[in-house]
Structures are given as structure tokens and as C-alpha cells.
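Examination of the molecular architecture
Residue-level listing of the chains:
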Amino acid sequence: MTQKLVISIDAMGGDHGPSVVVPGVAHAIRSLPPHVCVLLHGDETAIRAEMARRSGLAERVEVRHTERVVAMDEKPAQALRRGKGTSMWNAVEAVREGEAAAAVSCGNTGALMAVSKLILRMSADLDRPALVAGIPTPKGVVTFLDVGANVDCDAERLVEFAIMGEAFHRAVHKSARPTVGILNVGSEDMKGHEEVREAHRVLREGGIDLDYRGFVEGDDLTKGVVDVVVTDGFTGNVALKAMEGAVRLIRSELKTALTSSAMAGLGALMARGALEKFRERMSPPGAAPLLGLNGIVLKCHGGAGERDICEALRVAADLAQSDFAAEIERNMTRLPAALAETSPAVADGAA
């Protein structure tokens, strides 16, 4: 008999709360294996009102009542001081206590990162979690990190991202040997600032067990040149939001063109199925895992919809049933020797 796998969810986080979280859970449960169950934290009255509108939830969903919520504009330091007993705190704490295999929240990003780091702690001597996004390409999906958690990154941090991103991509996208690249202003070895060039040397010469392919440029992100692209949180966040803005522009212009005349409208009606697939394919990633914690936590964006919640649960279940955390640990043990071998100065600084 397969052991039950529980996903803990902050049902009150984000812009919509239970009105979106519960339908998303209902949608996910229909496609996930029967051993995957959900633990919802939040206002029990509001949650059960939404559950009553849908069948098949009672057997696989448990509700834990709490009246307190971390506000979307709350500073991380405030969340740490006043967060205990909130729906976000309780969702993450369930992972630490072994009641759940993963936690999901649409709430305040900074607060979720701070609360998760406090409750779960970092693994393998890592400093801060990294946020991951999936970028669609003609070949599938590129794992892109960091997209906002760590604005300033040295070479060691970039190498850590490569290790975490590779293990994550293997677990979620079922790739036997993901390829890895570092985002840079050019593909030549002499391009980029010192931190990028140093990380490049460590990954190329340090004996870390990754299929490292070197530097990639900005337009390579959507080509699928490699499976995992690594950068600092400042660059990653700017790049991700620029792509999201471009997608919104394309969708807006496409809608305008398809409603510009009766003939265009007829064409849009005939192509409705294909256009819906295009919309789903080009939608922003629904959930960004926080990699590097002693536990699995996923952050959905504040305006997440039902599809995003469903996708977050699928990713959480995949990660919980994978060996990605152990893979990260194995490669992290090689990092000090790799740093020492390629750059004694960096190794001394790390020590």
C-alpha cells in the first residue's frame, strides 16, 4: 500500500484566498494519485463554504482553523515576530513536524522566505533559498534561477544555484542528465564580471558532477539551449518580468487583431482550441519553489488562479517523491574542494 503524501497549504495567502485555493485543490486532486492528500490552514468557515460547492474533497482534504493571516504588505521582520499561529506559519510548520511533505503559499514572498528559513533552516550550509521559475521553450521548459531571492551573488552562490537547479530539473521534468549554463552578456570566457567568470571556472574545472555547457546569452533562455540557466536574483527578476511583460503585450496585440473585424473574429472562433493552448503555454509560471531549505516550500504569485494552485500541488508532489534534496547534498559536499582547486582566494573567503 502506497504511503499517504500530504501537501500543506496556506489557504488564506494571496489576493483571493479560499475562493481560488479550494477550487485549485479540487482540480489537482482529480489528476493526482489517490495517496496525495491536502492539509488546508485558514478560516475554517470560509474554507468549508468553498468545499461544500465541490464533491470528492472530504476524503482527501483536512482543514486546520486559524484566524490569523500574514498580510501581503507585511515586512519579513514583522512576519517573524508576529507570524506564529498564522496560516502561512502553520503551513510551513506542518512540514517541520513531519505532518506534510511540502508547503504551498500564495502569500507575501519576503515573509514566506523568512518564515520558511526560520522554521525549516537551510540545508547543506546554504545561506539563503533561491526562487526558481520555469521558462517555456520549443524543447520543453528551462529551469531559471535565482529570480528574486538573492540580489547580490558571489561565485560560490552561483555554483550553489547550479547544483540546486540541476537537481530540481531532474526531479520535476524527469531529465536524466540536465544541462546547465550561466547567463552572461556573451558566450566567450572573458565576458562578464568576475563573479560570473569565477563560477564558470568552478563549474568547468572543479569536478562537480554537472553537465555544464558554459555561458548562455539572454536570447538563449527561450531557445532551450540548456535545461538550467543560473544568474543572480537581480538579473533573474528583471529578465523574468521583462519576459512576462512581453507575453502580456503579445497576448493583448493578438486579442486586438482577432477582434478587429467580423472575419478576424470568425477565424479566432475556429482557432479557439489552439489559442487556448497558446494562452496556457505562455502564462507565467504558477509556482516558484524555494530551493535550499530543509523541506519543500513553493511560492505561488499573489494573483494565482486555480490552474496555478493545481500546478503547485503537482510540483510539490513530484519533489516530495524525488531524491532531489539528497542530490543537492551530494554535490554540495564537493563544492569546497572545487572552489579550492579552481580559485584558492574564493575558497579562503568561503572558509
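So, here is what we can say about the structure in this document. Being a predicted model, the structure only gives us computed values, none of them experimental.

Some thoughts on the pattern of salt bridges
For the structure shown, the criterion picks out 25 salt bridges. Between Glu166 and Arg170 there is a salt bridge whose closest N-O contact spans 2.4 Å. With a gap of four residues between them, Glu166 and Arg170 both fall in helix 6 (residues 155-173), about one helical turn apart. Of the residues examined, Arg170 reaches a relative accessible area of 22% and is grouped as partly exposed. Within this structure, Lys84, Glu93, Arg96 and Glu97 form a network of salt bridges that share partners.

A look at the sheet that holds strand 1 (residues 5-10)
Think of a sheet as strands paired side by side through backbone hydrogen bonds, with each pair either parallel or antiparallel. Strand order across the open sheet formed by eleven strands is 3-2-1-4-11-10-5-6-9-7-8, with mixed pairing between neighbours. Strands with a single pairing partner mark the edges of an open sheet, and in this sheet they are strand 3 (61-65) and strand 8 (211-216). Taking each pair of neighbouring strands and ignoring which way they run, the sheet shows an average axis angle of 25°. Pairing of strand 5 (residues 130-137) with strand 6 (residues 140-145) involves six bridges; the strand directions are antiparallel. Bridge pairing in strand 6 places Val132 opposite Leu145. Taken strand by strand, helix 1 (residues 18-31) contacts strand 1, strand 2 (36-42) and strand 3, and its axis lies near 175° from that of strand 2. The sheet contacts of helix 7 (residues 194-205) involve strand 7 (179-183) and strand 8, and relative to strand 8 the element is tilted by about 155°.

Concerning a nonpolar patch on the surface
There is a patch of nonpolar side chains on the surface, built from Met263, Leu266, Leu269 and Met270 and spanning about 500 Å² of accessible area. On the secondary structure map, Leu266 appears in helix 9 (residues 262-270).

Re unusual backbone geometry
At the junction of Leu145 and Asp146, the peptide bond is cis and its omega measures out at 0° in the coordinates. Structurally, Asp146 can be placed in the loop between strand 6 and helix 6. Of note, Arg121 is a non-glycine position whose phi angle comes to about 65°, a positive value. Within the secondary structure layout, Arg121 lies in the loop between helix 5 (109-120) and strand 5. Using a relative accessible area of 51% as the deciding quantity, one classes Arg121 as exposed. Positive phi is not limited to glycine here, since Lys174 has a value of about 55°.

Quick word on helix 4 (residues 87-96)
Most of helix 4 sits inside the fold, with eight of its ten residues counted as buried. Among all positions in helix 4, only Ser87, Met88, Trp89, Ala91, Val92, Glu93, Ala94 and Val95 are buried. The elements touched by buried residues of helix 4 are strand 1, strand 2, helix 3 (76-82), strand 4 (102-105), helix 5 and strand 11 (296-300). Where helix 4 terminates, the next one or two residues include Gly98, which has phi positive at roughly 80°.

Brief notes about the packing of helix 1 against helix 2 (residues 44-51)
At a closest axis distance of 9 Å, the pairing of helix 1 and helix 2 adopts a crossing angle of 45°. Overall, the two elements helix 1 and helix 2 adopt an arrangement that is oblique. Where helix 1 crosses over helix 2, the two elements pack in a sense that is right-handed. Every residue of helix 2 that contacts helix 1 at Pro18, Ser19 and Val22 is listed here: Ala46, Ile47, Glu50 and Met51. For the contact of helix 1 with helix 2, the residue count by class is five nonpolar, one polar and one charged.

Points about the pairing of strand 8
The buried fraction of strand 8 is high, at five of six residues. Inspection of the sheet shows strand 7 paired to strand 8 by four bridges, in the parallel sense. In the sheet register, Val180 faces strand 8, and the bridge partner there is Tyr212. Read from strand 7 through helix 7 to strand 8, the crossover connection turns out right-handed.

Basis of the calculations
- Residues numbered from 1 in each chain as written.
- Predicted model: local features only at pLDDT ≥ 70, side-chain atom pairs only at ≥ 80, totals over all residues.
- Heavy atoms only, no water.
- Salt bridge = Lys/Arg side-chain N within 4 Å of Asp/Glu carboxyl O.
- Helix = DSSP H or I, 4+ residues; strand = E, 2+ residues; numbered from the N terminus.
- Buried < 20%, exposed > 50% of the residue type's maximum accessible area, 1.4 Å probe, protein only.
- Pairing = 2+ DSSP bridges.
- Axes fitted to C-alpha atoms, helices over the stretch in contact; angles between N-to-C directions.
- Contact = heavy atoms within 4.5 Å.
- Patch = residues over 30% accessible without salt bridge, like charges linked within 9 Å, V, L, I, M, F, W, Y side chains within 5 Å.
- Areas by Shrake-Rupley, 256 points an atom, 1.4 Å probe, with all protein chains shown as cover.
- Parallel < 35°, antiparallel > 145°, perpendicular 65-115°, else oblique.
- Left-handed = near helix turned anticlockwise from the far one by under 90°.
- Nonpolar A, V, L, I, M, F, W, Y, C, P; charged D, E, K, R; others polar.
- Right-handed = clockwise from strand over helix to strand, strands pointing away.

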